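Take a look at the letters that make up each chain.
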Amino acid sequence: MTDGAAAGPPPIRHNDHSPLTPPALGAWEPSLPVSVVIPARGGQHRLDLALAALAAQSYPAHLMEVIVVDDGSDPPLRLPEIAPPGARIEPAAPGGWGIAHAVNTGAARAGGEIVQRLDSDMVVCREHIEALARWHHLAGYVVAIGAKRFVEEPVLSPGEVHDAVRAGSLGEVFDLSAAQASSTEQTIARTNGLRTSRNPYHVCTGPTVSLRREVFHAVGGFDPAVLRGEDTEFAYRLAAHGVVFVPDMDAQAVHLGIPAQRLDRERAVRTVAPYLAQRVPLRRDLRKDPGRQWLVPYVEIVFRLGEDPDPGRVRAAVGAALSGSLPDVVVTLVAPWSKLSENRPGPDDPLFELRLLREHFAHDRRVRLTDEGDGTSAAGQVTAVGGVGGITATPAPIPFRYTGPVSVPLGRDSLERMIAAMQDDRSGMLVVDLGEDGPATLVRTEALGRALLLGATDVTASIEATHGVRHGARADFWPAKDRKDRKDQKAQKTESTGRPEKPAQGARAAQATRAEKAVQPEAAAQPGRAARPEKAAKTAETAQTGKAAEAGKAAKTGQAASGGARPSARVPGRAASAAARRRNWRSLLRSTLRPD
């Protein structure tokens, strides 16, 4: 890269891995050791077939170890006669259970630089390990995905499988013409090998995936608390880390048996949904419950306060951030909190305002107090190396980070508009010019993660090369602020002239609508029903017997009740166009977050 970006492999734009050219199978010399991690519980015969296939791999045997993690099988699993030289069975670490826990156990005991996760009911072709491992010799931030087809399990011996794999023909022992293709391979084909996919992590579903060991541990491994969909949740965190997903169709395999989700898709989807809803904020379709808070927020909002912040401004900025159209956000307040001693403060405490703000926000779970000096939070949690001003290097697994001046509170839908703009062109950073208040930025976490993986000295230049940087104007994202400015101008005009300004057409229309609803309680409560005749008659009688001023008001009310009150002809067009604009950018946001 140039202009401050890291040198090395050519920049990969989004997930377009075209700049990486792998060597032909059998025409290169591997050097990186591979640890194949297989979580297993029962299914001894299928495991025997899987190990027989691994014993016939083209990848050098001295560079490959196989770790089968027994997740509480009864009877315990045993190592079969036909197995790779480096194969062994390890019990799952105490204190946990499940696929995620078993994979973490194997990765913790792996000695290879590459971790290959493989299901215990997968029979791989001869070049499977080689095909995936070659990508990791090109770049350290690649996640390689193998191909698979589902077959009914035939009656086979491990010896027959071993001989067929060594001969390079899975078709000799499996009826591949009757095999069911994986739905992920359809997505791979539709997106040109994931080159154009907006969310490539969706196809990284576990049965055969490989990555560098340091990347596995950098994202925290699998989450043992995720009992269903653990592979998708892990892949999402990999995406936030900045990796590139590369499917390799030369890494063929057959999956023994039809997966449960194909037998009862509705139940499978419902089982996974709550786990992903809590941990994958990009799945907006799963976060439709109003008023909810979720485990992983959608946006981190960062405000830097300094030593002597204006408490009114800070509270206004935090309040606006937490009451916007996006409910799943978290606010990080960066300040010298560590300077606040627990000793008795003096009468002229220079940190008086900061001390009050700490108490004001310390017990709000949606607000984090992070020290600006030593890279630790107020709770004592150590932040990542490379953090700027005390915040973590990236907000992962939160997909977006907003940083802006505390003097400019966010509008109700400012964040939603900014994200929609970024999703439009898939940019990695949006910079909004706020004039004298300084810029506001919204960064995509995966773009920031990619820059850190590449070791970029200029993060912005790196994001420009891999995802693009977009610039915008304040008026595009702060419409609420613009309305406030107009109200301030009207107030100033009233003070200077002594006469209140006439309400705008839209305001008059809103007043007419409220008046109409006020005299039509039943029609409002039960759409489709007209106002009661006796109520209209009573209104007319009041108009005839009241005083002149009251009669005029009643007459207007009667007119509203009968449908006679009409807003200005200009109002519907304005309201319709405003509603259309809101629908347009919200529709854009939904469409660009679709799981391609």
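Before reading on, note that the structure itself is shown above.
Because the structure is predicted, anything quoted here is derived from the model rather than measured. (Residues numbered from 1 in each chain as written. Predicted model: local features only at pLDDT ≥ 70, side-chain atom pairs only at ≥ 80, totals over all residues. Heavy atoms only, no water.)

Draft legend 1. Representation of the overall build of the protein. Scanning the protein from terminus to terminus reveals 21 helices and 18 strands. Burial status across the protein gives 47% buried among its 596 residues. In the protein, the share of contacts with a sequence separation of at least 24, taken over all contacts with a separation of at least 6, comes to 73%. (Helix = DSSP H or I, 4+ residues; strand = E, 2+ residues; numbered from the N terminus. Buried < 20%, exposed > 50% of the residue type's maximum accessible area, 1.4 Å probe, protein only. Contact = heavy atoms within 4.5 Å.)

Draft legend 2. Representation of the pairing of strand 16 (residues 429–433) within the structure. The element strand 16 is largely enclosed, with a buried count of four among its five residues. Summarising the sheet, strand 16 and strand 17 (residues 439–444) pair through five bridges and their orientation is antiparallel. Bridging from a neighbouring strand, M429 pairs with V443 of strand 17. Across five bridges, the pairing between strand 16 and strand 18 (residues 469–473) is parallel. Among the inter-strand pairings, L430 is bridged to a residue of strand 18, identified as R470. (Pairing = 2+ DSSP bridges.)

Draft legend 3. Looking closely at the sheet that holds strand 18. Strand order in the open sheet formed by seven strands is 14-13-12-15-17-16-18, with mixed pairing between adjacent strands. Each edge of the open sheet is held by one strand with a lone partner, namely strand 14 (367–371) and strand 18. Across the sheet, the axes of successive neighbouring strands diverge by a mean angle of 20°, strand direction being ignored. Alignment of strand 13 (residues 329–335) against strand 14, held across five bridges, turns out to be parallel. Bridge assignment links V334 to a residue of strand 14, and that residue is T370. Across the face of the sheet, helix 10 (residues 311–322) comes into contact with strand 12 (299–304), strand 13 and strand 14 while running at roughly 160° to strand 13. Of the strands in this sheet, strand 16, strand 17 and strand 18 are in contact with helix 14 (residues 459–466), which crosses strand 18 at around 100°. (Axes fitted to C-alpha atoms, helices over the stretch in contact; angles between N-to-C directions.)

Draft legend 4. How the structure looks around the sheet that holds strand 5 (residues 122–124). If you walk across this open sheet you meet the four strands as 5-11-7-8, and the pairing is mixed. Two strands in the sheet have a free side with no partner beyond their single neighbour: strand 5 and strand 8 (180–181). Along the sheet, helix 1 (residues 44–54) contacts strand 5 and strand 11 (253–256); its crossing angle with strand 5, the most-contacted strand, is approximately 20°.

Draft legend 5. Representation of unusual backbone geometry in the model. For the bond from D74 to P75, the omega torsion is 5°, close enough to zero to count as cis. Mapped onto the elements, P75 comes out in the loop between strand 2 (64–70) and strand 3 (87–91). In this chain, A396 is followed by P397 through a cis amide linkage whose omega measures 10°. By the element assignment, P397 lies in the loop between strand 14 and strand 15 (400–403). Of note in this structure, N192 is not a glycine but carries a positive phi near 55°. When you line up the elements, N192 lands in the loop between helix 5 (183–190) and strand 9 (208–212).

Draft legend 6. Looking closely at the nonpolar core. In terms of nonpolar packing, the biggest core is built from 66 residues, with F245, V299, I301, L333, Y402, L442 and W478 touching the most fellow members. In this structure, L49, L54, M122 and V173 belong to the second largest nonpolar core, which totals 40 residues. (Core = buried A, V, L, I, M, F, W, Y, C linked by side-chain atoms within 4.5 Å.)

Draft legend 7. Region of interest: the packing of aromatic side chains. Taken as a whole and assessed by the stated rule, the structure comprises five aromatic pairs. With a centroid separation of 5.7 Å and 70° between ring planes, the pair formed by Y201 and Y236 is classed as edge-to-face. In this pair, Y201 is assigned in the loop between helix 5 and strand 9 and Y236 in helix 7 (residues 230–241), connecting sequence segments 35 residues apart. Note on accessibility: Y201 and Y236 belong to one class, buried. Seen in terms of ring centroids, F222 and F234 are 4.2 Å apart; in terms of plane orientation they differ by 20°. Their pairing is stacked. In this pair, F222 sits in the loop between helix 6 (213–218) and helix 7 while F234 sits in helix 7, placing the two residues twelve residues apart along the sequence. For F234, a relative accessible area of 5% corresponds to the buried category. The lysine or arginine in question, R292, covers the ring of W294, its NZ or CZ lying 4.2 Å from the ring centre. (Phe/Tyr/Trp six-rings, centres within 6.5 Å; stacked < 30°, edge-to-face > 60°. Lys NZ or Arg CZ within 6 Å of the ring centre and 35° of its normal.)

Draft legend 8. Structural view of the packing of helix 13 (residues 445–453) against helix 14. One can describe the packing of helix 13 onto helix 14 by two numbers: an axis separation of 9 Å at closest approach and a directional angle of 115°. Classified by the angle between their axes, helix 13 and helix 14 sit roughly perpendicular to one another. Handedness of the crossing formed by helix 13 with helix 14: right-handed. Within the contact between the two elements, helix 13 uses A447, L448, R450 and A451 and helix 14 uses V459, S462, I463 and T466. A per-class count over the contact of helix 13 with helix 14 returns five nonpolar, two polar and one charged. (Parallel < 35°, antiparallel > 145°, perpendicular 65-115°, else oblique. Left-handed = near helix turned anticlockwise from the far one by under 90°. Nonpolar A, V, L, I, M, F, W, Y, C, P; charged D, E, K, R; others polar.)

Draft legend 9. Representation of the side chain of R287 in the model. The topology assignment puts R287 in the loop between helix 9 (265–279) and strand 12. A polar atom in the side chain of R287 sits 2.8 Å from the backbone oxygen of A277. Within the local environment of R287, its side chain forms a polar contact with the side chain of D328, the two groups lying 2.7 Å apart. (Polar contact = N/O pair within 3.5 Å; in protein donor to acceptor, adjacent residues only side chain to side chain.)

Draft legend 10. Expanded view of the pattern of salt bridges. As enumerated under the stated definition, the model contains 26 salt bridges in all. With a closest N to O distance of 3.0 Å, E65 and R88 form a salt bridge. Of the two residues, E65 sits in strand 2 while R88 sits in strand 3, which places them 23 residues apart along the sequence. Assessed through its relative accessible area of 27%, R88 is described here as partly exposed. (Salt bridge = Lys/Arg side-chain N within 4 Å of Asp/Glu carboxyl O.)

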